[in-house]
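# Structural characterization, general
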Number of protein chains: 2
Amino acid sequence: MSTRAEQKLKTRQNILNAAVKVMNEDRGLAALSLREVAKEAGIAPTSFYRHFETLEDMGLELVKAASAALHQIIKDARLTQADSQQDMVQKVVHVTMDHFRENGPLIRVLAREAMGSSRILRRAIKKELQLIKNEITDLIAYESKKHQRNITDPELVADAILDVMFYTCVSAINMPYALQKDAERRLVHHIRAIYIGAETMANTLHIERQLMLS
Amino acid sequence: MSTRAEQKLKTRQNILNAAVKVMNEDRGLAALSLREVAKEAGIAPTSFYRHFETLEDMGLELVKAASAALHQIIKDARLTQADSQQDMVQKVVHVTMDHFRENGPLIRVLAREAMGSSRILRRAIKKELQLIKNEITDLIAYESKKHQRNITDPELVADAILDVMFYTCVSAINMPYALQKDAERRLVHHIRAIYIGAETMANTLHIERQLMLS
DNA sequence: TAATATAGCGCACAGATGTTAGCTAAAATG
DNA sequence: CATTTTAGCTAACATCTGTGCGCTATATTA
């Protein structure tokens, strides 16, 4: 029974939680103080080094955690089904915003550091978001085939949707409830526009090709 | 002849330039040191106070400058005309990315601080972007009327376009040229999708209304 | 020309920061 | 049970931070 490793994991998690907490009180990773994180985590400043080599190192761990949360969202989105009340887009958006609210602090860190100070972190985040994009691409391709809709370039659609969902949701989690609902409504509209636009473009292209052949 | 006021304005500008320079070497405003800015501007640390009360105060000035750059972009977009080589969207996107490249450092600061540490700055930036959005809304309404296209809700379209242009351009200005061109291509596609999507939705709604009335 | 205002400077202080070195209790290991 | 490993601590350092105080040169003003 490794009481020791257990405890180590626990304080490690304490450090990560502390960092997220402090960073959500208006700080980027670069403006973070090792001492403050340590204090918040309830350990001595020097003990931090028993777990991470540097703050940036710890930041990478946070990115990993946030990324896991995003992957979970997609997992849930896959299970989503349209019903009589709401169509697919509405439901997926709703599910997503719920997740964002739930993991708000963590994802906010991701969003902040995506344009933040550390080149290494930016790279890491970009890489993670690329993975997410691939998953969304698959999802869109699968769904559009399933419903026999014509999306010629699901990757472009996925790209657009990821961008817009990510930034809208991140900025929405600071808002009061009413404004959040409004953001959600606009987000649904936006995504639908992307979707329909891509489809219409695909069809137009299709018709153009037919005309050229005839 | 106010040699004095002139000089003051000059060092003030030096400070702002210094701040932008330092911030583009991987720092948020919060991670900025007054002393370093002063050194970069070529003045003593304490002289900073002759121009700004605090770093945040200076940040607000930077936001103002960046905002002016954005307004200039829209002014140029208004003058843009489609030609035989490129359609309107392509040209506007191109013009915009040029501007972003030109004012890259300044706009990057805006983008970073939009999710940055200072609540006051975030507010200010949000407000400026709102003004930009209004201008885009007008532009779209005007253009769609001029070309007799059917956009029921230009504000929603403007909203979507601003978001996607802003974040795409900001992330693009770090990229090598080839990738920038790719980003530009995707951006054009994305905006076109939004546009066509909104139009298609408007027409569908129109048809639905007609059906309901008949 | 005499008086005033001010942009700039150096000095100094108190506090915060990252990091090293060395100690200790207690868990893990043999 | 004896030994080793290690997560945690305190003390201490050199460095950097914002900022207050008082001086000076010089442009402006009366």
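Residues numbered from 1 in each chain as written. Chains lettered and ligands numbered in written order. Predicted model: local features only at pLDDT ≥ 70, side-chain atom pairs only at ≥ 80, totals over all residues. Heavy atoms only, no water.

## Details of the interface of chain A and chain B
On the chain B side, the residues contacting the 30 residues of chain A number 30 residues. Connecting chain A to chain B are six salt bridges. The closest approach of N and O atoms between arginine 119 of chain B and aspartate 26 of chain A, which form a salt bridge, is 3.2 Å. Applying the counting rule to chain A against chain B returns ten residue pairs in polar contact (both at pLDDT 80 or more). Sorting the residues of the side of chain A that touches chain B by element identifies α5 (104-114), α6 (119-146), α7 (154-172) and α8 (177-213) of chain A as the ones contributing at least two each. (Contact = heavy atoms within 4.5 Å. Salt bridge = Lys/Arg side-chain N within 4 Å of Asp/Glu carboxyl O. Polar contact = N/O pair within 3.5 Å; in protein donor to acceptor, adjacent residues only side chain to side chain. Helix = DSSP H or I, 4+ residues; strand = E, 2+ residues; numbered from the N terminus.)

## Some words on unusual backbone geometry
Even without being a glycine, glutamine 148 of chain A presents a positive backbone phi close to 50°. Considering the arrangement of structural elements, one finds glutamine 148 of chain A in the loop between α6 and α7. The class of glutamine 148 of chain A is exposed, set by a relative accessible area of 74%. In this structure, aspartate 26 of chain B takes a positive phi of about 80° despite not being glycine. (Buried < 20%, exposed > 50% of the residue type's maximum accessible area, 1.4 Å probe, protein only.)

## Notes on the protein's contact with DNA strand D
Around DNA strand D lies a shell of 21 residues, among which Arg4, Ala44, Arg50 and His51 of chain A together with Arg35 of chain B are the nearest. Of all atoms in DNA strand D that approach within 4 Å of the protein, 47% are sugar or phosphate atoms. At a separation of 2.9 Å, a phosphate oxygen of DNA strand D approaches a polar backbone atom of threonine 3 of chain B. If you list the elements that add at least two residues to the surface near DNA strand D, you get α1 (3-23) of chain A together with α1 (3-23) and α2 (34-41) of chain B. At three residues, α1 of chain A tops the list of elements feeding residues into the surface near DNA strand D. Taken together, the residues that form the surface near DNA strand D break down as six nonpolar, nine polar and six charged. (Near = heavy atom within 4 Å. Nonpolar A, V, L, I, M, F, W, Y, C, P; charged D, E, K, R; others polar.)

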